[in-house]
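# Chain and residue survey
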Amino acid sequence: MKHILSAKQFSRIDLEYLMSEARKMDTILDKWGNRMFDEKIMATLFYEPSTRTRLSFESAMMRLGGKVISETDITFSSQSKGEILGDTIRIVSGYADIITIRSKNTGDALLASQYSRVPVINAGDGSGEHPTQALLDLYTISKDFPGIFTGEKLKVTFVWDLRYGRTVHSLSLLLRNFPNVSLSFVAPENLNLPEQYRTEKDIFSDVLSDELLSSTDVIYMTRVQKERFPDTESYDAVKDAFIFDTTTVEKMKSNAILMHPLPRVNEIILDVDNLPQARYFEQARNGVPMRMALIKYCLEQQ
Ligand code: NCD
């Protein structure tokens with residue numbers, strides 16, 4: 001059974017396969033796929049807020065002909081009566097052929113996979129990982145920089161909440177498959193990348209220098225994960241540390257791209273949306289073909 005739990009599970013060969021599958025899905029997307037899964041049901045269990053991830057999974061499943069059942073608020077789940085996650089998963093895996101789960105506890109997706117009779121996809125587990133976002137991020141990068149797969153050098157810089165930002169954890173893990181990609185991490189010291197995701201070659205800084213800005217191919221901006229801070233004072237102390245406006249973006253290379261998993265709060269000014277480097281809306285759109293490819297990857301093994 002194929003679960004998707006961590007970006008660590010993917011080899012370079014898996015990534016090449018998934019990117020080519022996503023490219024194929026992109027071409028059939030508005031033709032409603034080939035309805036290859038019209039006998040399958042997906043359960044989306046989202047116990048944390050979501051717009052893009054849940055809706056793009058549901059859209060992906062429906063474009064493949066499948067159906068969706070969902071639980072989107074833990075207060076309406078039997079878990080609020082005290083049911084343990086393992087029991088919920090045992091039950092739901094009798095109702096659906098594939099489960100996507102988002103929760104606030106790191107490790108919940110792995111736990112769910114241990115109780116499930118069907119594939120489980122981690123759609124974000126607290127401040128742990130978000131592997132399917134990382135795959136759509138890689139797909140987005142590979143559209144602008146196809147040379148990433150043929151050994152061309154690429155410089156990626158992650159900015160801001162790298163401690164709690166699960167998308168950063170997963171994407172940095174995926175990019176370890178590419179020795180030609182160098183990674184820089186810019187964040188206030190207490191929000192920088194957790195030790196377990198670091199390597200010796202990485203560059204760390206608490207300022208985004210003009211030199212870094214102008215030599216980077218991909219800037220991966222993030223939101224400060226307010227909900228994961230222990231108190232409001234520590235959030236208020238950093239909340240406006242990095243803001244991208246048009247002046248900042250004009251310092252980037254003309255063919256560089258600015259990504260963001262979204263939602264943005266105020267860290268990218270709206271004027272930036274019209275600049276050629278802005279890639280975040282296209283990035284979000286890429287979630288549908290990538291997730292169609294992932295559903296196929298999980299279900300065709302059955
Ligand atoms: C991210 C998440 O939920 O981790 N959003 C997403 O899935 N696109 C990023 C965030 O919430 O900041």
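Model, not experiment: these values are computed from the prediction.

A few words on the overall build of the chain. Per the secondary structure count, the chain includes 11 helices and nine strands. The C-alpha radius of gyration of the chain comes to 19 Å, within 12% of the 19 Å expected for a compact globule of 302 residues. Over its C-alpha atoms, taken along the principal directions, the chain stretches across nearly 55 × 45 × 35 Å. Expressed as a percentage of the 302 residues in the chain, the buried residues total 56%. A separation threshold of at least 6 residues defines the contact pool for the chain, and within that pool the share at least 24 residues apart is 72%. Approximately 13,400 Å² of the chain is accessible, and the part contributed by carbon and sulfur atoms is 50%. For the chain, the distance from the average position of its 36 positive side-chain charges to the average position of its 41 negative side-chain charges is 5 Å.

A separate point is helix α3 (residues 85-92). If you check which residues of α3 are buried, you get Leu-85, Gly-86, Thr-88, Ile-89 and Val-92. Across the axial projection of α3, the buried residues extend over an arc of 160°, all falling on one side. Where α3 is buried, its residues meet β1 (41-46), β2 (67-71), β3 (98-103) and α4 (108-115).

Quick look at the sheet that holds strand β7 (residues 203-205) now. What the five strands build is an open sheet, ordered β7-β6-β5-β8-β9; its pairing is parallel. Because the sheet does not close on itself, it has two edges, and the strands there are β7 and β9 (257-259). Between one strand axis and the next, the sheet turns through 20° on average, direction left out of account. Where strand β8 (residues 218-221) meets β9, three bridges bridge the pair, whose relative direction is parallel. Of the residues in β9, the one forming a bridge with Tyr-220 is Met-259. Sitting on the sheet, helix α5 (residues 131-144) touches β5 (154-159), β8 and β9, and the angle it makes with β9 is about 170°. Packing of helix α6 (residues 166-175) onto the sheet brings it into contact with β5, β6 (181-186) and β8, and relative to β5 it is tilted by some 165°.

A surface patch of nonpolar side chains, amounting to about 300 Å² of accessible area, comprises Ile-69, Ile-91 and Tyr-95. Within the secondary structure, Tyr-95 is located in the loop between α3 and β3.

Rules used throughout
Along each chain, numbering runs from 1 in the same order as the chain's sequence is written. Where totals are concerned, whole chains, interfaces and linings use all residues; where local detail is concerned, this predicted model gives features only for residues with pLDDT of at least 70, and gives and counts side-chain atom pairs only at 80 or more. Side-chain measures were taken over the full set of non-hydrogen atoms in the model, leaving aside hydrogen atoms and water. Numbered from the N terminus, helices here are DSSP runs of H or I no shorter than four residues, and strands are runs of E no shorter than two. Only C-alpha atoms enter the radius of gyration, while the globule expectation follows 2.2 Å times N to the 0.38, with N the number of residues. Burial status follows relative accessibility: with a 1.4 Å probe on protein chains alone, a residue under 20% of its type maximum counts as buried, one over 50% as exposed, and anything between as partly exposed. Two residues form a contact once any of their heavy atoms are found within 4.5 Å. Accessible surface is estimated by sampling points in the Shrake-Rupley manner with a 1.4 Å probe; for residues, cover comes only from the protein chains shown. Think of it this way: Lys and Arg go in the positive column, Asp and Glu in the negative one, and His and the chain ends go nowhere. Charged side chains are reduced to one point each, which is NZ for Lys, CZ for Arg, CG for Asp and CD for Glu. Our arc is simply the arc of the directions from the helix axis toward the C-beta atoms. Following DSSP output, two strands are said to pair if at least two bridges run between them. Geometry is summarised by axes, namely lines fitted to C-alpha atoms with helices restricted to the contacting stretch, and by angles between N-to-C directions that run from 0 to 180 degrees. Residues enter patches when their relative accessible area tops 30% and they take part in no salt bridge; the joining distance is 9 Å for like charges and 5 Å for the nonpolar side chains Val, Leu, Ile, Met, Phe, Trp and Tyr. Take a side-chain nitrogen of Lys or Arg and a carboxyl oxygen of Asp or Glu: if they are within 4 Å of each other, that pair is a salt bridge.

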